Amino acid sequence: MIKVNDEFTKQFIKEEDLSKKIVEIHKMIHNKTGKGNDFLGWLSQPNISIQELERLKAASRKIRKESTVLVVIGIGGSYLGAKAGIELLTDPYKKDFEVIFAGYHMSDKMTSSLLSYLEDKDFSINVISKSGTTTEPAIAFRLFMNLLVKKYGKKADERIYITTDPKDGALRGIAISKNYPRFTIPKDIGGRFSVLTAVGLLPMAVAGIDIDEILNGAKKAYKDLLNEHNSAYDYAALRYKLYKAGKDIEILVSYDPRFEYLKKWWIQLFGESEGKDGKGLYVSNATFSTDLHSLGQMIQDGKRNLFETVIKVKEEEKDTIIPYSENNLDGLNYLEGKALSEINNKAFLGTLIAHNEGNVPNIIIEIEKVDAYNFGYLVYFFFKAVAMSAYLLDVNPFNQPGVEEYKRNMFALLGKKGYEDLANELKKKLK
């Protein structure tokens, strides 16, 4: 169960009854009649068959038995969701198995360093792409496959796992020709909505996360958010009202660094879903109290066009207790016996009051605890919220036409066949 607290937003928004509009959009979502309705496959839970789930679990066991590292190759939604789950749900200092992500950048130094690191490691790769021709992951696949062949010869094929389109695409063709194990990215689910499919579940299973619990959390969220009055729509409505009031920058805040990649995944989910037709909130993120020592001044006293959405964990661990110091040179004996989580909570409350009095609205999203079940619940909560939020703005939540522009230019500048005219235009602009 997720609670959305609007107490620290009320003074900033006009009272506007959106209930009729929300009911209409809810029906549009569930009847699949709105823009982009052919990409609503995520709406029902689970998105994966029992047979594929069992195959996926068997593959994860095989990978862990044969390797000490899994290299996951993908970009955007093909890696952010899985990395979010792994960063949030595994101990960063007690990893018995490494899951490393590649193919989401074209840094020569980062790539060559990883290739060197893997030379004396037993590793497998999971390539995630609907088409298999997206430049960044396609380059990475070629490079890491080359290293696999160098290390394992003909047995290299046994260490390659493909997650791709069920019917089309170059990657599917490669997988069939080589008889690589294949998992499905459903045709009706876009990349940023794919974390609860094999895209996210295989890497998370290999990392040792209980993926059944992730799916159970998502199933519960599906049931809880099934009617037209729910917390995900409350969040979407608050965002919309703040946007209409001139608050067009949203900062997603956590008080725990483990949420870093969940926030990056959220940025793609909302930014790519809403940023169209000259509309949409600019989405950013911060980790407090860390970023209060850099962004805190801007948030407190800068331009008043932003608001914060804070992920608050109800049940915090209380493992670290502040000890007594005989000389008290740091003046911290007043904290003796307090848990670090309690101090962190007071930082949250103090910041909440300060920022609110500095005219920064705060939406508080409270989750029960940090575990696989609540991760699955939160992911589905954001799915439902972004669909409502984008439709309130009257944009298609499920396409991303603007993403293609840079690709066309890059292809032309690299000399790809068919882009010659564009290449000539771009070269003139770069003179």
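Residues numbered from 1 in each chain as written. Predicted model: local features only at pLDDT ≥ 70, side-chain atom pairs only at ≥ 80, totals over all residues. Heavy atoms only, no water.

## Thoughts on the nonpolar core
- Counting residues in hydrophobic clusters, the biggest one holds 94 residues, and the most contacted among them are Trp42, Tyr235, Leu262, Trp265, Phe381, Phe382 and Phe383.
- A per-element tally of this core places helix α13 (residues 372–392) first, with 16 residues.
- Discounting residues that sit within four places of it in the chain, Trp265 has contacts with Leu80, Gly81, Ala84, Arg192, Val195, Val379, Phe382 and Phe383. (Core = buried A, V, L, I, M, F, W, Y, C linked by side-chain atoms within 4.5 Å. Buried < 20%, exposed > 50% of the residue type's maximum accessible area, 1.4 Å probe, protein only. Helix = DSSP H or I, 4+ residues; strand = E, 2+ residues; numbered from the N terminus. Contact = heavy atoms within 4.5 Å.)

## Observations concerning the packing of aromatic side chains
- Here the structure, examined in full by the defined rule, presents 23 aromatic pairs.
- Relative to Phe383, the ring of Phe193 lies with its centre 5.1 Å away and its plane at 40 degrees, an arrangement referred to as tilted. Taken together, the residues Phe193 in the loop between β6 (182–184) and α7 (198–206) and Phe383 in helix α13 connect sequence positions 190 residues apart.
- Stacked on the ring of Tyr261, the Lys or Arg Lys83 has its end atom at 4.7 Å from the ring centre. (Phe/Tyr/Trp six-rings, centres within 6.5 Å; stacked < 30°, edge-to-face > 60°. Lys NZ or Arg CZ within 6 Å of the ring centre and 35° of its normal.)

## Things to note about helix α4 (residues 108–118)
- Residues of α4 that are buried include every one of Thr111, Leu114, Leu115 and Leu118, and no others. Each buried residue of α4 lies within a common arc of 100 degrees when the element is viewed along its axis, so the set occupies one face. Opposite the packed face of α4, turned more than 90 degrees from it, sit the exposed residues Asp108 and Lys109.
- Packed against the buried residues of α4 are β2 (69–73), β3 (98–102), β4 (123–128) and α5 (135–152). (Arc of directions from axis to C-beta.)

## Thoughts on the packing of helix α2 (residues 50–66) against helix α8 (residues 211–224)
- At their nearest, the axes of α2 and α8 sit 12 Å apart, and the two run at 145 degrees to each other. Contacts from Leu53, Leu56 and Lys57 of α2 reach α8 at Ile211, Asp212 and Leu215.
- Split by residue class, the contact of α2 with α8 holds four nonpolar, no polar and two charged. (Axes fitted to C-alpha atoms, helices over the stretch in contact; angles between N-to-C directions. Nonpolar A, V, L, I, M, F, W, Y, C, P; charged D, E, K, R; others polar.)

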